[in-house]
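# Summary of structural features
One-letter residues, chain by chain:
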Amino acid sequence: DFMRFPLTSLAAFVLSATTSHRASLTASAMSTKSMVIDSHLHVWASSKEASSGFPYAEGQAPPESLRDVASTSSLLEKMNENGVDGALIVQPINHKFDHSYVISAMKEYPDRFKGMLLHDPSLPTEKAVSTLEDLALKGFVGVRFNPYLWPKEEEGKWKPMSTPGEGGIAVYRRCG
């Protein structure tokens, strides 16, 4: 139906302006550096951070050899050494459903980090929705569902994958 109507002078002007603007944007983009983004990594508190405000979830402490190598400061050091401009931090199992460590990293370095939260399947529907909304407002741009954390689906339980991606948030479903 759109093609049936002739272009008016205004529409022709908008079309030509858009086309020339697109060309200038393309030329501009070619002269700028591409950003390097790590699209999936985990950070967790160092031993010192874990004892002073960011504890590990019960039974989820990282192995001793890794305990002090995945903090936010360690990550930033590695990113800077390797020319990585930004990263999507996926909530680690080490802190399970306590997102405060990732929130602190995003708050301290908003131009470098975005977060993907880990959904808590034990929450009732209303609490699950309000938690997702709250974490989205704190900077999380995606939600992660880990099937090994979910009880067998029972009548009346929230079915999280019924509308993936709704509400402008990405959905990551781990398959194993």
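Read on for a plain summary of the structure. All of these numbers come straight from a predicted model, not from anything done at the bench. All residue numbers refer to positions counted from 1 along the written sequence of the respective chain. At least 70 in pLDDT is required for a residue's local features to be given in this predicted model, at least 80 for side-chain atom pairs to be given and counted, and no such filter applies to totals for whole chains, interfaces and linings, which use all residues. Side-chain measures here rest on the full set of heavy atoms in the structure, leaving out hydrogens and waters.

### Details of the nonpolar core
The nonpolar core is taken to be a set of buried Ala, Val, Leu, Ile, Met, Phe, Trp, Tyr and Cys residues, with the residues joined through side-chain atoms within 4.5 Å. The buried label applies to any residue whose accessible area, calculated with a 1.4 Å probe on protein chains only, is under 20% of its type's maximum; exposed applies above 50%, and partly exposed to all values in between. Val43, Met79, Ile89, Phe113 and Phe140 are the most contacted members of the largest nonpolar core, which has 25 residues in total. Per the convention used, a helix needs a DSSP run of H or I reaching at least four residues, while a strand needs a run of E reaching at least two, with both numbered from the N terminus. When contributions to this core are tallied by element, the ones reaching two or more residues are helix H3 (72-81), strand S2 (86-90), helix H4 (100-108), strand S3 (113-118), helix H5 (125-137) and strand S4 (140-145). At five residues, H4 tops the list of elements feeding residues into this core. Residues count as neighbours in contact if any of their non-hydrogen atoms are within 4.5 Å of one another. Aside from chain neighbours lying at most four places away, what touches isoleucine 89 is Leu41, Val43, Val102, Ala105, Phe113, Lys114, Gly115 and Met116.

### What to know about the environment of phenylalanine 54
Position of phenylalanine 54 relative to the elements: it lies in the loop between helix H2 (47-51) and H3. With 47 residues separating them in the primary sequence, phenylalanine 54 and tyrosine 101 have C-alpha atoms 6.2 Å apart. The residues touching phenylalanine 54, leaving out its near neighbours within four places in the chain, are Ala45, Glu49, His95, Ser100, Tyr101 and Ser104.

### Let's talk about the pairing of S2
Of all five residues that make up S2, five are buried, and the element is covered over most of its length. Along S2, one buried face is formed by Gly86, Leu88 and Val90 and the opposite face, lined by Ala87 and Ile89, is buried too. Where strand S1 (residues 37-41) and S2 come together, three bridges link them in parallel fashion. Following the sheet pairing, isoleucine 37 is matched in S2 by glycine 86. Where S2 lies against S3, four bridges are found, and the strand directions are parallel. In the strand pairing of S3, valine 90 is matched with methionine 116. Crossovers are marked right-handed if the path from the first strand over the helix to the second runs clockwise, as seen with the strands pointing away from the viewer. Considered for its hand, the β-α-β crossover made up of S2, H4 and S3 is right-handed. Here the rule is simple: two strands pair whenever DSSP picks up at least two bridges between them.

### What to know about the pattern of salt bridges
For this analysis, a salt bridge means a side-chain nitrogen from Lys or Arg found within 4 Å of a carboxyl oxygen belonging to Asp or Glu. Under the criterion given, the structure shown has three salt bridges. Across the pair arginine 67 and glutamate 64 runs a salt bridge, and its minimum N-O distance is 3.2 Å. A relative accessible area of 19% means that arginine 67 is categorised as buried. A residue is classified by how much of its surface remains accessible, and glutamate 64, at 59% relative accessible area, is exposed. Notably, a salt bridge pairs aspartate 134 with lysine 138, separated by 3.2 Å at the nearest N-O pair. Given a relative accessible area of 35%, aspartate 134 falls into the partly exposed group. According to the relative accessible area criterion, lysine 138 is partly exposed, its value standing at 41%.

### Comments concerning the packing of aromatic side chains
Working definition: an aromatic ring pair is given by the centre-to-centre distance plus the angle between the planes. Between the rings of Phe, Tyr and Trp (Trp by its six-membered ring), a pair exists once the centres lie within 6.5 Å; its type follows the angle of the planes, with under 30 degrees stacked, over 60 edge-to-face, and the other angles tilted. According to the stated counting rule, one finds two aromatic pairs in the structure shown. Ring plane angle 75° and centroid distance 5.1 Å describe the contact between phenylalanine 54 and tyrosine 101, whose orientation is recorded as edge-to-face. Linking phenylalanine 54 in the loop between H2 and H3 with tyrosine 101 in helix H4, this pair joins segments that are 47 residues apart in sequence. On the accessibility criterion, phenylalanine 54 (22% relative accessible area) is partly exposed. A ring pair is formed by tyrosine 109 and phenylalanine 113, whose centres lie 6.0 Å apart and whose planes are at 85°; its orientation type is edge-to-face. For phenylalanine 113, a relative accessible area of 2% puts it in the buried group.

### Looking at the pairing of S3
Most of S3 is tucked away: five of the six residues are buried. Across four bridges, the pairing between S3 and S4 is parallel. By the bridge assignment for S4, leucine 118 is matched with arginine 144.

### Things to note about the environment of aspartate 68
Inspection of the secondary structure assignment puts aspartate 68 in the loop between H2 and H3. In this structure, the C-alpha to C-alpha distance between aspartate 68 and lysine 48, residues 20 residues apart in sequence, is 8.6 Å. The contact partners of aspartate 68, leaving out residues within four places of it in the chain, are Ser46, Ser47 and Ser74.

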